[in-house]
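Fold and contact review
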Amino acid sequence: MAEITAAMVKDLRERSGAGMMDCKKALAETNGDIEAAIDWLRAKGLASAGKKAGRTAAEGLVGVATAGTKGVAVEVNSETDFVAKNEQFQQFVRDVTKLALETGDDVAALLNAKMGEGSVQDALTANIATIGENQTLRRAKIVSVANGAVVSYVHNAAAPGMGKIGVLVALEGDAPADKMEALGKQLAMHIAAANPLALTGEGIDPAIIEREAAIAKEKAADKIAGKPADVVEKIVKGPVDKFRKENALLTQAFVIDGKTPVGDVVAAEAKAAGGSIAIKDYVRFQLGEGIEKQQSDFAAEVAATAGVKKAEPVA
């Protein structure tokens, strides 16, 4: 039997798009013949992943998992919403989310982490081949506290711990665990609904604040025309401060009563519980946010697949 080298496996992987372990097995089955190995992978349905890698993946699932005072949110994308209902895909999201709790939230390191007989990347490549859609491990984020609780919430859950929106709330303090858990669940639901941009107003991205200031100036163009810079600054400050207040978690109106600032809600709950509670951090992952989705003409795609040219509309 021919010796199967790492270089041969790498070459086959690059040419076929299949996973490392599948390439190694294909070479073993074909006595090291690269071309025969490609045919073997094609016959097994494992050589098509590379062709799918360029397609936009903006659907999928967000997975969340917690362990004591630590939690992680992970987003795994697919091309269509149908894949989110696939048990193989869901199991991958479940496994990679749990793995992220142990290995950390660096995506490159997570892709190289061991999963089964290969790596997370190998498992993902195998999924692409067998499910038939491009899939990507897009991002992951860990939050933790020294003392307190990390509480999770999933909106539009497709299965336990995974759905369209995943939220983690990290609460630091010494209040009773059941009080922390109950408050954390309410806060997580608030975050899912209100989508704060940062924990505090000062934490909002300066680029976003600059954009809001520019909008405020445009709206107040008549008022600020010919005015000194310090006067313009005061006129613009009001709308910008209002934006900070409405988009920072601690100053947002709590969705449950629609008026009390979240920071005040936390302080009141801490007092009632006879301990300390503070929001240290949070994560909100919404599936596909920020991904530019490709627009397609479904009728044209079907016609193209059938070899029929779509009829032009009659003028």
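Rules used in this analysis
- Residue positions are given per chain, counted from 1 along the sequence in the order it is written.
- Predicted model: local features are reported for residues with pLDDT of at least 70 only, side-chain atom pairs are reported and counted for 80 or more only, and whole-chain, interface and lining totals are derived from all residues.
- Each side-chain value is worked out from all heavy atoms of the structure, with water and hydrogens disregarded.
- One side-chain nitrogen of Lys or Arg within 4 Å of one carboxyl oxygen of Asp or Glu is enough to make a salt bridge.
- By the criteria applied, helices consist of DSSP H or I runs no shorter than four residues and strands consist of E runs no shorter than two, each listed in order from the N terminus.
- Residue exposure (1.4 Å probe, protein chains only): buried if accessible area is under 20% of the type maximum, exposed if over 50%, otherwise partly exposed.
- The span one expects for a helix is its residue count, reduced by one, times 1.5 Å.
- Whenever two N or O atoms come within 3.5 Å, that pair is a polar contact, provided that in protein one can donate a hydrogen and the other can accept it, and provided that, for residues adjacent in sequence, both atoms are side-chain atoms.
- Whether two aromatic rings pair depends on their centres lying within 6.5 Å, for rings of Phe, Tyr and Trp, where Trp uses its six-membered ring; planes under 30 degrees apart make the pair stacked, over 60 edge-to-face, and the rest tilted.
- Should the NZ of a Lys or the CZ of an Arg lie within 6 Å of a ring centre and within 35 degrees of the ring normal, that charge is described as sitting over the ring.
- Axis lines are fitted through C-alpha atoms, for helices just across the contact stretch, and the angle between N-to-C directions can take any value from 0 to 180 degrees.
- Orientation categories follow fixed angle ranges, with anything under 35 degrees roughly parallel, anything over 145 roughly antiparallel, 65 to 115 roughly perpendicular, and all other angles oblique.
- Whether two residues are in contact is decided by their heavy atoms: any pair within 4.5 Å suffices.
- Gly counts as polar in this scheme, as do all residues outside two lists: the nonpolar Ala, Val, Leu, Ile, Met, Phe, Trp, Tyr, Cys and Pro, and the charged Asp, Glu, Lys and Arg.
- Throughout, nonpolar core names a set of buried Ala, Val, Leu, Ile, Met, Phe, Trp, Tyr and Cys residues whose side chains join them through atoms within 4.5 Å.
- Pairing between two strands is assigned when DSSP locates at least 2 bridges connecting them.
- What pLDDT expresses is the predictor's confidence in each residue, scored from 0 to 100.

1. A few points about the pattern of salt bridges
Throughout the structure, instances matching the rule amount to nine salt bridges. When the shortest N-O distance is used, the salt bridge between glutamate 289 and arginine 139 registers 2.7 Å. With glutamate 289 in the loop between strand S8 (277-286) and helix H13 (298-306) and arginine 139 in strand S5 (residues 135-144), this pair connects stretches of sequence that are 150 residues apart. Owing to a relative accessible area of 27%, glutamate 289 belongs among the partly exposed residues under this scheme. Lysine 237 is paired through a salt bridge with aspartate 241; the nearest N and O atoms lie 2.5 Å apart. With lysine 237 and aspartate 241 both in helix H11 (residues 229-247) and four residues apart, this pair spans about one turn of that helix. Relative accessible area serves as the criterion here: at 49%, lysine 237 is assigned to the partly exposed category.

2. Remarks on helix H5 (residues 87-103)
Along its 17 residues, H5 runs 24 Å from first to last C-alpha, staying within 8% of the 24 Å computed at 1.5 Å per residue. Restricting attention to buried positions, one finds in H5 the residues Phe89, Gln90, Phe92, Val93, Val96, Thr97, Leu99, Ala100 and Leu101. The distance from a side-chain oxygen at the start of H5 to the backbone nitrogen of glutamine 88 is 2.7 Å, and the residue carrying that oxygen is asparagine 86. Positive backbone phi, at 105°, marks glycine 104, one or two positions downstream of H5.

3. Considering the packing of aromatic side chains
Tallying each qualifying case throughout the model produces zero aromatic pairs. A cation sits over an aromatic face here: arginine 139 above phenylalanine 285, 4.0 Å from the ring centre.

4. A few points about the packing of helix H8 (residues 177-194) against helix H12 (residues 262-273)
Remark: H8 packs on H12, axes separated minimally by 11 Å, with the N-to-C direction vectors making an angle of 170°. On the basis of their axis angle, the class for H8 and H12 is roughly antiparallel. Along the contact surface, H8 presents Lys179, Leu183, Leu187 and His190, while H12 presents Val262, Val265, Val266, Glu269 and Ala273. Counted by class, the contact of H8 with H12 contains six nonpolar, one polar and two charged residues.

5. Observations concerning the nonpolar core
Counting 26 residues, the largest nonpolar core has Val74, Val76, Phe92, Val96, Val120 and Leu137 as the members making the most contacts within it. Counting residues per element, the ones that place at least two in this core are strand S1 (59-67), strand S2 (70-78), H5, helix H6 (107-112), helix H7 (120-131) and S5. At seven residues, the largest contribution of residues to this core is made by H5.

6. Things to note about H8
What sets the pattern is the α-helix's 3.6 residues per turn: residues three or four places apart point alike. For H8, with 18 residues, the first-to-last C-alpha span of 25 Å sits near the 26 Å given by 1.5 Å per residue. If you check which residues of H8 are buried, you get Met180, Leu183, Gly184, Leu187, Ala188, His190, Ile191 and Ala192. On the buried face of H8, the contacting elements are strand S6 (148-159), strand S7 (162-173), H12 and S8. Phi turns positive, to about 50°, at asparagine 195, one or two residues after H8.

7. Here's the deal with the pairing of S6
Both S6 and S7 contribute to a ladder of 10 bridges, which runs antiparallel. Of the residues in S7, the one forming a bridge with alanine 157 is glycine 163. Following S6, the chain reverses through two residues before pairing antiparallel with S7; glycine 161 in that reversal takes a positive phi of roughly 80°.

8. Considering the confidence of the model for the protein
Here the protein shows a mean pLDDT of 86. Residues at 70 or above account for 86%. In this model residues 49-54 is a low-confidence stretch, pLDDT under 50, and it forms 14 contacts with partners more than four residues away in sequence or in other chains. Contacts of residues 301-315 to residues separated by more than four positions or lying in other chains number five contacts, the stretch itself having pLDDT below 50.

9. Considering unusual backbone geometry
One non-glycine residue with positive phi stands out, namely asparagine 156, at about 55°. Checked against the element boundaries, asparagine 156 lands in strand S6. In this model, asparagine 195 sits at a positive phi of 50°, which is unusual for a non-glycine residue. Of note, asparagine 195 is situated in the loop between H8 and helix H9 (206-219).

10. Let's talk about the packing of H5 against H7
Axis separation between H5 and H7 bottoms out at 11 Å; the angle between their running directions is 170°. Classified by the interaxial angle, the pair formed by H5 and H7 is roughly antiparallel. Facing Gln88, Phe89, Phe92, Val96 and Leu99 of H5, the residues of H7 in contact are Val120, Ala123, Leu124, Asn127, Thr130 and Ile131. In the contact of H5 with H7, the residues fall into eight nonpolar, three polar and no charged.

11. Regarding the side chain of threonine 30
Assignment of secondary structure puts threonine 30 in the loop between helix H2 (20-29) and helix H3 (34-43). Once you skip the residues sitting within four places of it in the chain, threonine 30 turns out to touch Ala36, Ala37 and Trp40.

12. Overview of the environment of alanine 175
Positionally, alanine 175 belongs in the loop between S7 and H8. A residue is classified by how much of its surface remains accessible, and alanine 175, at 9% relative accessible area, is buried. Taking the C-alpha atoms as reference, alanine 175 lies 9.3 Å from glutamate 269; in sequence the two are 94 residues apart. Not counting chain neighbours up to four residues away, the residues in contact with alanine 175 comprise Met180, Ala273, Gly275, Ser276 and Ile277.

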